[in-house]
Amino acid sequence: MKPAPFAYHRARDLDGATRLLAELGDDAKVVAGGQSLVAMMNFRLARPRHLVDIGGLRELDRLHTDAAGGLRIGALTTHHTVESDPAGRLGADFAVLRRAMPWIGHLPIRTRGTVGGSIAHADATAEWCLLALALDAEFVAQGPRGERRIAAGDFFLGYYTTALDFDEILVEIVFPRPAPYAALTEFAERQGDFALVSAAVDLDVEGGAVRGGRVALGGVAAAVTRVPQAEAVLAGGGSFAECAAAAADAVEPPADASGSTHYRKQLVRTLVRRACEEAMAR
C-alpha cells in the first residue's frame, strides 16, 4: 500500500521545527530516519496530514561523554553509529549500548534509523526504550516554551504514547551514570523481527557481589516496564534464578498469535536470568 496524502515540510533549524509543529497541531508528525513511521504510513496505520522532516538538523547527530561521567546521545544519532562506536566513546562503562544494537532489525535499518526516533515512537518492544528505562536515562525535549527534561520512568505512557507534547521534539538522550554491569537480551522468532519478550538489567556490584539493580521488560505490557519485585530480590541478596522468577510472577503479558501469556512468562523467567548472568560476566 501507499500512504494517505500528506504535506511535506523540511525543517531548517530546531526552533523553526518546533514553531511549525505548534502551528500544525496534532495533524503533524516528526520524521527523521523514517524506519518506523513510514512503514506505518504505508500500511495506513498512521495518517498524518503533515510530516516535519528534521533529518537535516545535523547538530542533533552527536555522541559524547560529559564531565560527570555520563553519556549524551543526540536524537539523530543512528543505531549503527552506536554499534560501530567509531570514536571509542562508549568504552566499558556503556558497552551495553553497543552490544544491544545487533538486536535492532537489520543493518540497513540500523544505518538509517535514529536513537531519538526509536524512543519517541515508543514501541513496547524497542531496545532503546528498554535500555533507557533500565539505565535511568533522561530525555531532553525542545519546544516553543523552551527545554525540559523528562525521566525515562515518566516518559512511556502506553502503546506508542509518550509524555512529549505535540509541539516538542526529543533532542537528546542522557545516560547519567556508567553501567558496566548491564545487559540486554530478547527472543524473536527470526533474526530482525520484533521481540516477543525482551529484558534488560543494570546490576549494582560491589566487591564482586550484587548489591541491587534495575530490571526492565519489554513486550509484557503497553509500554516498557520496570519490575520492582525482581529488583527487591537483587537488593535482598537473592539469586538470579529467584530474581527471574519474581519478574515472571509480577507480570501478566498479553496473549496473541505469537504466544500465550504462560509462554511469555516463561520467556521472562529465562531472559531475566540470562541478562543477569551476562551482566555479571562482563
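Figured I'd write up the structure that's included with this text. (Residues numbered from 1 in each chain as written. Predicted model: local features only at pLDDT ≥ 70, side-chain atom pairs only at ≥ 80, totals over all residues. Heavy atoms only, no water.)

Before going further, it helps to examine the pattern of salt bridges. Opposite charge on two side chains permits them to pair, given that their charged atoms come into close proximity. A complete count under the given rule lists 22 salt bridges for this structure. Note that Arg72 is salt-bridged to Asp66, the shortest N-O span being 3.8 Å. Its salt-bridge partner being Glu172, residue Arg72 comes within 2.9 Å of it at the nearest N-O pair. Placement of Arg72 in strand β5 (residues 71–74) and of Glu172 in strand β10 (residues 169–175) is noted, with a sequence separation of 100 residues between them. (Salt bridge = Lys/Arg side-chain N within 4 Å of Asp/Glu carboxyl O. Helix = DSSP H or I, 4+ residues; strand = E, 2+ residues; numbered from the N terminus.)

Turning our attention to the sheet that holds strand β4 (residues 63–65). Within the open sheet, the 5 strands sit side by side as β4-β5-β10-β6-β7. Their pairing is antiparallel. Edge strands, defined here as strands with exactly one partner in the open sheet, are β4 and β7 (146–151). Adjacent strand axes in the sheet meet at a mean angle of 20 degrees, parallel and antiparallel pairs treated alike. Pairing of strand β6 (residues 138–143) with β7, which is carried by 6 bridges, proceeds in the antiparallel orientation. In the strand pairing of β7, Ala141 is matched with Arg148. Across the sheet, helix α1 (residues 14–24) touches β6 and β10, and the angle it forms with β10 is around 125 degrees. (Pairing = 2+ DSSP bridges. Axes fitted to C-alpha atoms, helices over the stretch in contact; angles between N-to-C directions. Contact = heavy atoms within 4.5 Å.)

What follows covers helix α10 (residues 240–250). By the burial criterion, the buried members of α10 are Phe240, Cys243, Ala244, Ala245, Ala246, Ala247 and Ala248. Its buried side turned inward, α10 meets β12 (197–206), β13 (209–218), α9 (228–235) and α11 (261–281). (Buried < 20%, exposed > 50% of the residue type's maximum accessible area, 1.4 Å probe, protein only.)

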